Structures are given as structure tokens and as C-alpha cells.
Amino acid sequence: MDFTENQIQRYARHILLNDVGGEGQARLMQSKVLVIGAGGLGSPVILYLAAAGIGTIGVIDDDVVDLSNLQRQIVHTTDAVGTAKVESARQTIKAINPEVNLVTHPHRITADNALELISSYDLVADGCDNFATRFLVNDACYFAKKPLVSAAILRFDGQLYTFRPNDTDAKGDPLPCYRCLFPKAPPPGQVPTCAEAGVLGALCGTMGSLQATEVIKELIGIGDSLAGSILIYEGLATEFQKIRVKADPNCPLCGSTPTITDLSSHDT
Ligand SMILES: [Zn+2]
């Protein structure tokens, strides 16, 4: 792949990195990433992936920008209040890197559209804010055989995961999916949402930036994949913990006798 003079300048700090180089940058420029949600996590993910020159970024979100979003959803500006989040993201990304092909999906991800949508991308970055979507995206990525880099946030704390349940680790052991860790969604109301419990704006930046880093590692195939571990960040204690997690042979999705064989158990 030949870079233009402009591209060599724009991506110079990436090209300088031994693990990225021209080849890795070219890979990023040919990659297609779907970002679920243009909110607190999606904002830094979209911004850093666009700045990194990811060729195609799909953004799915059916919401409009609200004033209460701006404390953390940094892809949106005050002028964008009242406009669709995907359109607002498009405007910001155009200003940061006009080379990125930003594809907007101004609707919800559902059991009806998830497989087709996800199948046209190389990787999914989930920044959604509810368990129904989180489980749907996990299941759809498993069936579509796409890697999933996912983050979750609440108050001052965050978690980061990479799921590649269709692959094995270096020892040949199967890698877990989200349902290996959490077989089903907690009952409604048991875990508060950010809208109910609050979230520190800068925490979204911490977790979203980590998520963007893992996306780039997976796309280029460098470093140690986070798949097979979860990263837990406690903001008030300033502590990171990386915990090994294994695939569950009884997982209802990716286990040896699965009970979930399609997306029909999800609401459409
Ligand atoms: Zn599983």
C-alpha cells in the first residue's frame, strides 16, 4: 500500500513504532470497526479510532444528543444538542480525519439486524449502556465469528474485556465469551445504570482509550491479547487488576452443549 505524503505525516508517530510500522498502519486503514453506542465509551473509542486512520468506522446509536451527555460524551459538542448522535459523531470525525469512512446506523441493534450488521465489519467495539444490548452483541459476535472488545463503566469503576470465543489461547485452550463469565443478564433494577447512579466523565475516557488500544492491537495482531483476561479499574483507589478468566464448558452459548443456538431468545 502506497501512502500519500499527507498520510505519512498524519500517521508518522504510528509508522515509527516497530510493532505498527507502515504495514500495521496500512492494516488499520483497511479495517472496518463497528462501534455500538456513541455515548460515554463510544466517544473516546470513535475519536481515537478515527485519529488512528481506521478505514471504516460504523456507529450505531438511535439517540439524540442531550445536554446531560456532554459531561462525558466528548465526540459531541454543545452545538449538537438535539441532533442525532450518529450525525454529531460524523461532523466531529470529519473535522478530525476526513479520510475515515464513517457509516451511520441511526437505529437500535436488534436480534433481526445484528448478524447482518456485524458481519460486514472486522471487529466490534461495544460501549452500550444496558445488559440486553451487551448480551445480544456478545451472542451475535459469537455467531458471526467476530472479535469483540467491550467495556463497562459505573460511578468511578470500569471493566474491559476482549472476547474471541471462536479462538484458542497460546496453549490451545478455548477462550471465553461474555456468557462464560455472566451466563444471563441480571434482573432489571439489580444493577443500577449510569443514569441512576452517575459516572465520572473522565472514567469514560480512561476505559474508552483502553478499549481503542485493544481494538488496534487486535486489528494489527500485536502484543498480548486481552482475550482470556478481564481488566478491572477502580478509579477512587487508582488500582488496576488483570484477572485470568477461562471458557466455561457449560456456557449456554459457546459451551459443548449450547442452549442458545441463534438470536431468537432476544427481544426484536
Ligand atoms: Zn461462553
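The structure this text deals with has already been given above.
Not measured: the values here are computed from a predicted model.

Novice: What am I meant to see in the pairing of strand β3 (residues 101-105) here?
Specialist: Residues in a regular strand project their side chains so that they alternate between the two faces of the sheet. Pairing analysis gives five bridges linking strand β2 (residues 56-60) to β3, with the strands arranged parallel. Following the sheet pairing, Val59 is matched in β3 by Thr104.

Novice: What am I meant to see in the coordination of the zinc ion here?
Specialist: Under perfect tetrahedral coordination by four donors, a metal shows angles of 109.5 degrees; under perfect octahedral coordination by six donors, it shows angles of 90 or 180 degrees. Cys177 (SG), Cys180 (SG), Cys251 (SG) and Cys254 (SG) make up the full set of protein donors to the zinc ion, lying at 2.3 Å. Taken together, the four donor atoms coordinating the zinc ion and their angles of 93 to 122° define a geometry best described as tetrahedral.

Novice: What am I meant to see in the pairing of β2 here?
Specialist: With five of its five residues buried, β2 lies for the most part within the structure. Residue alternation in β2 divides its side chains into two sets, Thr56, Gly58 and Ile60 and Ile57 and Val59, and both sets are buried. For strand β1 (residues 32-36) and β2, the ladder comprises five bridges, and the chain directions are parallel. Pairing of Val35 across the sheet is with Val59, part of β2. Note that the unit made of β1, helix α4 (residues 42-51) and β2 has a crossover that is right-handed.

Novice: Sorry, what's going on with a nonpolar patch on the surface here?
Specialist: The grouping of Phe156, Leu200 and Leu236 at the surface amounts to a nonpolar patch, some 300 Å² of accessible area in total. Within the secondary structure, Leu236 sits in the loop between β7 (229-234) and β8 (239-244). Judged by relative accessible area, Leu236 falls into the exposed class, the value being 67%.

Novice: Looking at this structure, how should I read the pattern of salt bridges?
Specialist: When their charged atoms lie close together, side chains carrying opposite charge are able to pair. Inspection of every chain in the model, using the stated rule, returns seven salt bridges. The shortest N-O distance in the salt bridge between Arg108 and Asp62 comes to 3.8 Å. Here Arg108, found in the loop between β3 and α6 (114-119), pairs with Asp62, found in the loop between β2 and α5 (85-96); they are 46 residues apart in sequence, far enough to count as distant. Using a relative accessible area of 41% as the deciding quantity, one classes Asp62 as partly exposed. Residue Lys85 pairs with Asp63 through a salt bridge whose shortest N-O separation is 3.6 Å. Placement of Lys85 in helix α5 and of Asp63 in the loop between β2 and α5 is noted, with a sequence separation of 22 residues between them. Through salt bridges with shared partners, a single ionic network connects Arg164, Asp167 and Glu218.

Cut-offs used in this document
Residues numbered from 1 in each chain as written. Predicted model: local features only at pLDDT ≥ 70, side-chain atom pairs only at ≥ 80, totals over all residues. Heavy atoms only, no water. Pairing = 2+ DSSP bridges. Helix = DSSP H or I, 4+ residues; strand = E, 2+ residues; numbered from the N terminus. Donors = N, O, S within 2.8 Å, 3.2 Å for Na, K, Ca; no water. Tetrahedral: all angles 85-135°; square planar, octahedral: opposite > 155°, others 65-115°. Buried < 20%, exposed > 50% of the residue type's maximum accessible area, 1.4 Å probe, protein only. Right-handed = clockwise from strand over helix to strand, strands pointing away. Patch = residues over 30% accessible without salt bridge, like charges linked within 9 Å, V, L, I, M, F, W, Y side chains within 5 Å. Areas by Shrake-Rupley, 256 points an atom, 1.4 Å probe, with all protein chains shown as cover. Salt bridge = Lys/Arg side-chain N within 4 Å of Asp/Glu carboxyl O.

Remember, this is a structural readout, not a statement about activity or role.
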